[in-house]
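One-letter residues, chain by chain:
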Amino acid sequence: MSDKPDVWQGTLALMVLKTLETMGPQHGYGIARRIEQTSGNLLSLNYGTLYPALLKLEQEGAIVSEWGTSDNNRRAKFYRLTRVGRKQLEREARNWEQATAILARFLSPAEEA
Amino acid sequence: MRKLRALWFRLRGLVASQAAATDFNAELESHLQMHIDDNLRSGMSPEQARRQALIQLGGVEQTRQAYRERATLPRLDDILQDARYGLRMMARNPAFAAVAILTLAVGIGVSTTAFSWIDTVLLRPLGGVSDPERLVALESVTPGGEWVPNSYPDYQDFRDHLKMLKGIAVTRPAAFSVGKDDHAERVWGELVSGNYFTVLGVQPELGRMFSSDEYGDKPGAFPVAVISDRYWRSHYAADPNIVGKTIRVNQHELTVVGIAPAEFHGSITAVAFDLWVPYMQQPVLNGVGAWMLRNRQNRNMLGIARLRPGVTMQQATQELAALAGRMAIANADVSQGMSATLLPLSKWPHGPQGLLAGPLRTLMGVCILLLGIVCVNVANLLLARATVREKEFSTRLALGANRRRLVQQVLTESLMITAAGTILGVAATPWLSRLLQALMPPGQLSLTLGTGLHPHVLVFTAGLCVLATLAAGIVPALVSGRADLNTKLSAGGRSGAAGRGRHRLRSALVASEVALALVALVCAALLARSFQQTSRIDPGFDPNHVLLNQFYLTANGYSLEQRKEFCRRLAAEMESTPGVTNVAYSDGVALGFEPSWWEDLRVERYTPSAGENMKIFRNVISPGYLPLLRIPIVEGRNLTEQDDEKDNSPLVMIVNQAFVQRFFAGRDPIGRKVHGWGDWFRIVGVAQDSKYHYLGESSVPYMYVPFRQVFRADMNLAFYVRTQGDPIAVLPQLRAAVRRIDPNVTVFDPIPLREFIGASLYPQRMAATLLAALGALAVLLAGVGLYSVMAWSVAQRTQEIGIRMALGADRASVLSMVVRQGLTLAGVGLAAGIILALAAARGIAAVSITNSAMGKGVQLAGATAANPLIYLAAVIFLSAIAVLASFLPARRAASVDPMQALRSE
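Now for a description of the structure that goes with this document. (Residues numbered from 1 in each chain as written. Chains lettered and ligands numbered in written order. Predicted model: local features only at pLDDT ≥ 70, side-chain atom pairs only at ≥ 80, totals over all residues. Heavy atoms only, no water.)

1. Details of the packing of aromatic side chains
Rule in force here: For Phe, Tyr and Trp, where Trp contributes only its six-membered ring, two rings pair if their centres lie within 6.5 Å, and the inter-plane angle classes them as stacked under 30 degrees, edge-to-face over 60, or tilted in between. A run of DSSP states H or I qualifies as a helix once it reaches four residues; a run of E qualifies as a strand once it reaches two. Both are numbered from the N-terminal end. Relative accessibility thresholds used throughout: buried, under 20% of the residue-type maximum; exposed, over 50%; partly exposed, between the two (1.4 Å probe, protein chains only). A ring is scored as having a charge over it whenever the NZ atom of a lysine or the CZ atom of an arginine sits within 6 Å of its centre and within 35 degrees of its normal.
All chains considered together, the criterion is met by 25 aromatic pairs over all chains. On the basis of an interplanar angle of 80° and a centroid distance of 6.2 Å, the ring pair of B:Phe551 and B:Phe719 is categorised as edge-to-face. Of this pair, B:Phe551 sits in strand E12 (residues 546-551) while B:Phe719 is found in strand E22 (residues 717-723), placing the two residues 168 residues apart along the sequence. Taken individually, B:Phe551 and B:Phe719 each receive the classification buried, so the pair is uniform in this respect. Pairwise contacts between aromatic rings join B:Tyr196, B:Phe197, B:Phe210, B:Phe264 and B:Trp276 into one cluster. Across the ring face of A:Trp67, the terminal group of A:Arg75 is positioned such that the distance to the ring centre comes to 4.4 Å.

And the structure:
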C-alpha cells in the first residue's frame, strides 16, 4: 500500500463532488469505493479521512445528507450534491484543469527546441 | 460566505456535540457493516473481513477524532475545557475566588465610574452637532490673561470680519419661565445668536431651526423658539402639531418652529437645556434695555466657532488675535488691552467641565492606582495557587501536555476571574455613579451626567479587563509554564524548597503593592488636608441662619421698576415676620456657583500702569446686605435707603480693604471718587475683606454699590432672610409673603446660605471625599496582599520553623523573625513609594480648579503638597498595617508544635 501515492491535499473534496455528480446520492462507503475504483486502485485512500472531508463540504453547504437504505438493505447516510455544490464542482474542476494543463506544458518534452 | 457558514456549523457543533457524535457512530457502524458485507462476499473469513475493513478505514478512534475536530473548533474547545476546569477550581476555593473577584469588581467599578464621568464631562464631543472636532470655543482675554465671555458688539465684529472661521455663534444660558401665569415652570435654556444651530450643524428632528432671516441683530424681531426633544416628549407627548404653535415664555408668546434632535442638549457639556430663543428677544423677554446689547462691557456671551475646512486652530487664533488687537485700540475706552483667543471645547472653563476637570483627572489617576494594587493582589493569589498546583502542572508536563497549553489555562482562569470582576464592577457602576452625583452641589442646572453605559465606557472597561487579566495572570502563567518537571517530581513532594525564586517574585509584588498604596494614601491625605484647611477658612461673613432664595422675576415679565418694587415690598413683609432678624437682597451671591461680574473702573488720582487690569468685581446690594451677613464696616458708613435713584441723591459705593490697599495705599479712602457705570461714585465706607468666589482665594479688591442706584435689567435677584432659628423654618412665611405680593411668582429653590456656599468647596470636597474612600480601600487591599504573602510564606516554612523550635528557638525569636521579614518587605515598598508619591504630589499641586477669571490660581492642594507630616503619617500608618499583617501569621508560626510540624509531610 505504501507505494501508492496518497490523496493530494485539497483534491479529495473535488473527487467527492465529482463522484456525487456522476453517481447521484451515495453513502460514504460507496463514495470511497468509487474513488478507489476510478483511480484504478492507484490511490491509497484511508476511508476514514473521507468523513471529515464530507463534513466540511456539508458545513459549507455543497452537499446535504440524509439517512436512507442501501442496495443490500443496510441503513446508511446518503450524501447529495446541492446547487452550491454543483457550482463549486464546476469552478474547482475548471481551476484544476487549468492547473494541470499549465503543469503539463512544463513537464512535456519541449517541442520547438 | 462559505467559510462563515462552516464556522457557524462548527460553533453549533460545540454545543450539540453529543447528538452529533451518536449520529456519526451510527454512520461509521453502517460503513463498516457494508465493507464487511463486501469482504465476506469476496470470500474472506468473518474475522478477516472485519480486520480488513478496519485497516482500510484507518482506525475507528482516529476517524472519530478527525471527525470531531472538523465538527467543532478544537482551539475553542480547549478554551471551554479550560473554562470548565477553572470554574471547578473556583468552586473548590470559593474564598480565593470571592476575594479575587470582589477586589477586582471594586477596582474596575470605581475606574469605570471615574472614566464614565470623565467621558461625559471632558471627552465626549457635543451631541447632535456635525463635525464636533471642528468646533472651538471663542473667549475674550483680559489684560491680565484671564478668559472671559464676549460682548454682543464684539461678537458682531468677530462674526463680520473673520475669514478663517466658517461661523461664530454666541449663547447665554438662562432660566425661562414657561407656561401660563399661575402654573409657570422654570426651564433652563439658552439665548443664542440666530446662526447658532447653523454653526453647530444641528438638524431639526421636526420643523426647522432658526432660518437665515432670524440671524439679524434687530432687537425683539424674532419671537420664535426651538425646544428640546426631551421637553417635547415630557410636555407635549411628542405631538408633532406643536410646531407652529405658540408657547408662553416669560409672559410673551413665542412660536415653536422646531424640535431639536434627541442627542442635542445645548452647547455646554453635561448640562441639558430645553429651550433656545434668539438673543435678540432678550429685551422683550427679560426687559433688558436694547442699549445693553450694544454695550461692549456687557461681556456675558459664550462664543462657539467653527473652523473653515483646511484652517488650523493656530491660524484662526492668529487672525482672531490680530482683529481683537485692532478692536481693543478702536474701542480703547472699554476694551483697552483686551484680546481674544480660541480654545478646544474641552478646555472651556465654563460649566461643569471647568470645575470638574481637575478633580476628575486626579480621581482617575487614583482609580488606576487602586486597580494596579488589585491586580498585584490577584497576581499574588494566583501565584500562591500556582505553587500549590506545581505538582499537578509537572505531572501534566511529564504526561506530554505542551507548555503553551498550561500558560493558556492559567490565563484563562485569570481571565475568568477578571471577567467576573468586570461584570460585577460594571453592574455596580450606575450605583457608584449615583453616589457621585449625590456629592454634586445643590442643583442649579440639571446635569446630564449619564449613569448609562456609553459604548466608549464599555470599550474602556473591556480594555481594563484585558489589561487586568494580563497584569494579574501573565506572571503566574509564565511561572507555571516554566515548571521544571524534573526537580518538582523528584523533590518528593517537599514544596518548600522549590519555591525560593517564586517567593522572591511574590515579595517584589508585595513591595510594589505597598508602594502603590503609599502613593494613594499620600494623595488622599494631601487633598483631605487641603480640603480641611480650606473649609476652615473664615469666609469673612456669617452664612449661618440665613435662607437664600433666587428669584427670576424677569421671567414673570417684570419691568425694572416692578422688580425693585417687588424687593421693597417683600423685604417689608419679611421684616415683620416673627423670628426674622434681617432681610436683604443683592445681585450676586458670594461663594456661589454662578459667575460674578465686574466693572471697568477709573479711580480718581490713581494712574494705572500700562495694561493694568482695572476690572473690579462688584456686587449690587440693598442697605441691609452687609449687616445681614455680618460683614463689618471698618471705616465710614453703611449704605442707607437714602442712597437711592433720585436725581439729587449722590452716587455712592462701599469698597473693601483690599481695594483701599491697592488704589489708595491704605490711606483716606472716604470721599474719594471712582468712575464706573458711566458715572462718578463717591466712596462712603470700607467693608472688611471677605471671600467672594472661592474660599481659597487671596484677597481680592471688591466693591458694593446700592441696589437702587445701579440695579439693571440683566441682573439677578438673590433674597436673604436671617432668622433666629433654623432658616428653613421661615420658608412657609416666605412663600406666603411672595404669594401675597404676586401669586405668579414662584419660590423655586430656597436653600440655607450655609449649604449654598458649600458649592464653592465642591471640587475639593468631591476630590477629598472620594480620595479618602479610595485611599482607605488601597490601604486595605495592600494589607490583604501583605497578609496573604506572609501567611503563605509562614505556611511554607512550617517545617523549618518546627526545626528551629525543636532546636531551642523560643516563641519571641520566631515571632520577631517573621515580623522582621514582613517589615523588610514593607520597607522596600515604602521607600519606593515615597519617591513615587513626591512625584504624584507635584502633579496634583499643579491642578488648579478653574482657569476662568474668577478664582484664578485657586488650587486643589497647592499649599500642602510638600507637607512632610503627611508623608510621615502615611509611612507610619502603612508600617503599622504591615506589622499587623505579618503579626497574625507570625503568631500562628510561633504556636507551631515542633512535633506536628515535622510530621506534617
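2. What about the environment of B:Leu770?
All names here are of chain B. Relative to the elements of secondary structure, Leu770 occurs in helix H27 (residues 762-796). Assessed through its relative accessible area of 16%, Leu770 is described here as buried. The sequence separation of Leu770 and Cys367 amounts to 403 residues, and the corresponding C-alpha distance is 9.9 Å.

3. Things to note about unusual backbone geometry
All names here are of chain B. One non-glycine residue, Ala237, adopts positive backbone phi at about 50°. A positive phi angle is found at Asp668, which is not glycine, with a value near 45°. Topologically, Asp668 is positioned in the loop between helix H23 (657-664) and strand E19 (673-676).

4. A few points about helix H1 (residues 11-23) of chain A
Residues and elements named next belong to chain A. Rule in force here: Take the residue count of a helix, subtract one, and multiply by 1.5 Å to get its expected span. The criterion used for residue contact is that any of the two residues' heavy atoms lie within 4.5 Å.
An ideal rise of 1.5 Å per residue puts 18 Å on 13 residues; H1 measures up with 18 Å between its terminal C-alpha atoms. For H1, the set of buried residues is Thr11, Leu12, Leu14, Met15, Val16, Leu17, Thr19 and Leu20. Residues of H1 that are buried in the fold lie against strand E1 (26-27), helix H2 (28-38), helix H3 (47-60), strand E2 (63-69), strand E3 (75-81) and helix H4 (83-107). Taken from the residues just after H1, Gly24 is the one with a positive phi, measuring 75°.

5. Here we look at the pairing of strand E16 (residues 615-621) of chain B
Residues and elements named next belong to chain B. To keep things clear, this is the line we draw: Strands are treated as partners if at least two bridges between them are detected by DSSP.
Buried residues dominate E16, accounting for seven of its seven residues. Of the two faces of E16, the one carrying Lys615, Phe617, Asn619 and Ile621 and the one carrying Ile616, Arg618 and Val620 are both buried. As defined by bridge partners, strand E14 (residues 598-600) adjoins E16 across three bridges and the pair is classed as antiparallel. By the bridge assignment for E16, Glu599 is matched with Ile616. Bridge analysis of E16 against strand E21 (residues 702-706) gives five bridges, and the strand direction is parallel. Note that in E21 the partner of Ile621 across the bridge is Pro706.

6. Remarks on the interface of chain A and chain B
Applied cut-off: Accessible surface is computed with a 1.4 Å probe, and the buried area is the amount of it that two parts give up when combined, taken over both parts together. Just to be clear on terms, a salt bridge is a Lys or Arg side-chain nitrogen sitting within 4 Å of an Asp or Glu carboxyl oxygen.
Every contact between the two is made by 29 residues of chain A and, on the other side, 27 residues of chain B. Between chain A and chain B lies a buried interface of about 2500 Å² when both sides are counted; carbon and sulfur atoms form 54% of it. Looking at the side of chain A facing chain B, the largest losses of area belong to A:Tyr29, A:Tyr51 and A:Gln59, adding up to 28% of the total buried there. Our enumeration of links across chain A and chain B arrives at four salt bridges.

7. Comments concerning the nonpolar core
Residue and element names in this part refer to chain B. Formally: Only buried residues count toward a nonpolar core, which is a set of Ala, Val, Leu, Ile, Met, Phe, Trp, Tyr and Cys residues joined through side-chain atoms within 4.5 Å.
Residues Ile417, Val522 and Leu774 are the most contacted members of the largest nonpolar core, which totals 87 residues. In terms of residue count, helix H14 (residues 351-388) provides more of this core than any other element does, 18 residues in total. Beyond its immediate sequence surroundings of up to four residues, Leu774 is in contact with Val110, Leu363, Val366, Cys367 and Leu370. By size, the runner-up hydrophobic cluster in this structure holds 74 residues, among which are Val170, Phe197, Ile259 and Trp348.

8. What to know about the pattern of salt bridges
Per the counting criterion, the structure on display carries 27 salt bridges over all chains. A:Arg33 is the salt-bridge partner of B:Asp38, the closest N and O atoms lying 3.7 Å from each other. Taken together, the residues B:Asp38 in helix H2 (residues 17-41) and A:Arg33 in helix H2 connect one chain to another. Residue class for B:Asp38 comes out partly exposed when judged on its relative accessible area of 23%. Relative accessible area serves as the criterion here: at 26%, A:Arg33 is assigned to the partly exposed category. When the shortest N-O distance is used, the salt bridge between B:Arg708 and B:Glu645 registers 3.0 Å. Note that B:Arg708 is positioned in helix H24 (residues 707-710) and B:Glu645 in the loop between strand E17 (633-636) and strand E18 (652-656), a separation of 63 residues in sequence. Bridged by salt links that share partners, the residues B:Asp154, B:Asp157, B:Arg296 and B:Arg299 form one connected network.

9. Here's the deal with the environment of B:Ala768
Residue and element names in this part refer to chain B. In this fold, Ala768 is placed in helix H27. When the C-alpha positions of Ala768 and Ala528 are compared, they lie 4.6 Å apart, and in sequence the two are 240 residues distant. Apart from the residues lying within four places of it in its own chain, the contact partners of Ala768 are Leu527, Ala528 and Phe531.

10. Brief notes about the pairing of E19(B)
Moving residue by residue along a regular strand, the side chains alternate between the two faces of the sheet. All names here are of chain B. The pairing of strand E15 (residues 602-603) with E19 spans two bridges and is classified as antiparallel. Of the residues in E19, the one forming a bridge with Val603 is Val674. In this antiparallel pair of consecutive strands, E19 and strand E20 (residues 679-687), the connection spans two residues, and Trp677 shows a positive phi of 50°.

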